[in-house]
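What follows is each chain in one-letter form.
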Amino acid sequence: MKTGALESKMRAMTMMDRSRTGTMMVATGSLTVVTGSMFSGKTEELIRRVRRALYARRRVQVFKHALETRPDDLEEIRSHDGNPYEAVPVSSSGELLERVRPDTDLVAIEEAQFFDDGILEACESLADAGYEVIATGLDMDFRGEPFGRMPALLSVADEIVKLRAICAVCGREASRSQRLIDGVPAPASAPTILVGAQESYEARCRHHHEVPR
Ligand SMILES: [Zn+2]
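Criteria and thresholds
Residues numbered from 1 in each chain as written. Predicted model: local features only at pLDDT ≥ 70, side-chain atom pairs only at ≥ 80, totals over all residues. Helix = DSSP H or I, 4+ residues; strand = E, 2+ residues; numbered from the N terminus. Buried ≥ 20, exposed ≤ 12 C-beta atoms within 10 Å, placed from the backbone. Expected span 1.5 Å × (residues − 1). Arc of directions from axis to C-beta. Contact = placed C-beta atoms within 7 Å. Core = buried A, V, L, I, M, F, W, Y, C linked by C-beta atoms within 7 Å. Domains from an automatic or database assignment. Pairing = 2+ DSSP bridges. Axes fitted to C-alpha atoms, helices over the stretch in contact; angles between N-to-C directions.

Next up on the list: unusual backbone geometry. Backbone geometry follows two general trends: most residues other than glycine have a negative phi, and most peptide bonds adopt the trans configuration. Unlike most non-glycine residues, Glu111 shows phi in positive territory, near 55°. Here Asp182, not a glycine, exhibits a phi torsion of approximately 50°, which is positive. Tracing the chain through its elements places Asp182 in the loop between strand E9 (176–181) and strand E10 (184–185). On the basis of neighbour count, Asp182 is assigned to the exposed category, with 11 C-beta atoms found within 10 Å.

Here it is as structure tokens:
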């Protein structure tokens, strides 16, 4: 049933457009990628866009990766005046596609960098089928290297919003996520999960981002 919703969405759009124009189908889908470092306001930007869609009475579905293991203190501020949605956790890009309903207008995907390689095709096929897709995610990991499928998503996006945070050291614009273990910069070789160590993150500019090799 992976493509069931997509096919019925296509059918519905074809009928709608034909009844309107009497001719061929006009696609309306698009892919927007909202990216940047930690604490750069990606979630706030997504909330803003979802709220606008809801005002316009458009139907919205928001998904996030089920294996998101971000500690609570890394959560970006969800919103000042109430989050208008609850993201549905999915464990793969295939499950995401299965759960998209044909009558949905806007499909939002949080933490896209955590998804499997299929997230690229999933976003593309949803946009091709007429959905407005907004994917948010980190463009770089703590080493400052491209994160998962994000580089590919950025390449095929119709619109890119790249946000920056504030450097915790100098107060200038920050594009990197600094990982700290017991208060010192984590080496590039550090394991993803450390037992018994105090781990934290902060935003840093290119100049103050440290990754001991
Ligand atoms: Zn700095």
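We are not done yet, so read on.
On to helix H2 (residues 42–55), then. With 14 residues, H2 extends 20 Å from end C-alpha to end C-alpha; this agrees with the ideal 20 Å at 1.5 Å per step. Three or more residues of H2 are buried, namely Lys42, Leu46, Ile47 and Val50. Down the axis of H2, the smallest arc covering the buried residues is 130°, so these residues share one side. In H2, those exposed residues whose orientation departs by more than 90 degrees from the buried face are Arg52 and Tyr55. Where H2 is buried, its residues meet strand E1 (30–36), strand E2 (60–65), strand E4 (106–110), strand E5 (132–138) and strand E6 (159–163). Of the residues one or two after H2, Arg57 is the one with positive phi, at around 60°.

The next thing to look at is the nonpolar core. Residues Val107, Ala108, Cys123, Leu126, Val133, Ala135 and Leu153 are the most contacted members of the largest nonpolar core, which totals 40 residues. Within the residue set of this core, elements represented by two or more residues are E1, H2, E2, helix H3 (93–99), E4, helix H4 (119–128), E5 and helix H5 (150–156). Ranked by the residues each element gives to this core, the list is headed by H4, at six residues. The residues that make up this core include at least three from each of domain 1 (4–163) and domain 2 (164–213).

If you walk across this open sheet you meet the six strands as E3-E2-E4-E5-E1-E6, and the pairing is parallel. Taken across any chain shown, the strands that pair with only one partner, and hence form the sheet edges, are strand E3 (88–90) and E6. Here the average twist between neighbouring strands, direction ignored, is 20°. Across three bridges, E2 lies against E3 in parallel orientation. Each residue of the ladder has a partner; that of Lys64, found in E3, is Pro89. Running over the sheet, H4 touches E1, E4 and E5 and is turned about 155° from E5.

This paragraph deals with H4. Buried within H4 are the following residues: Ile119, Leu120, Ala122, Cys123, Leu126 and Ala127. Mapping the buried residues of H4 onto a view down its axis gives an arc of 165°, with all of them on the same face. Where the residues of H4 are buried, they touch E1, H3, E4, E5 and H5. One or two steps after H4, the chain reaches Gly130, where phi turns positive at roughly 110°.

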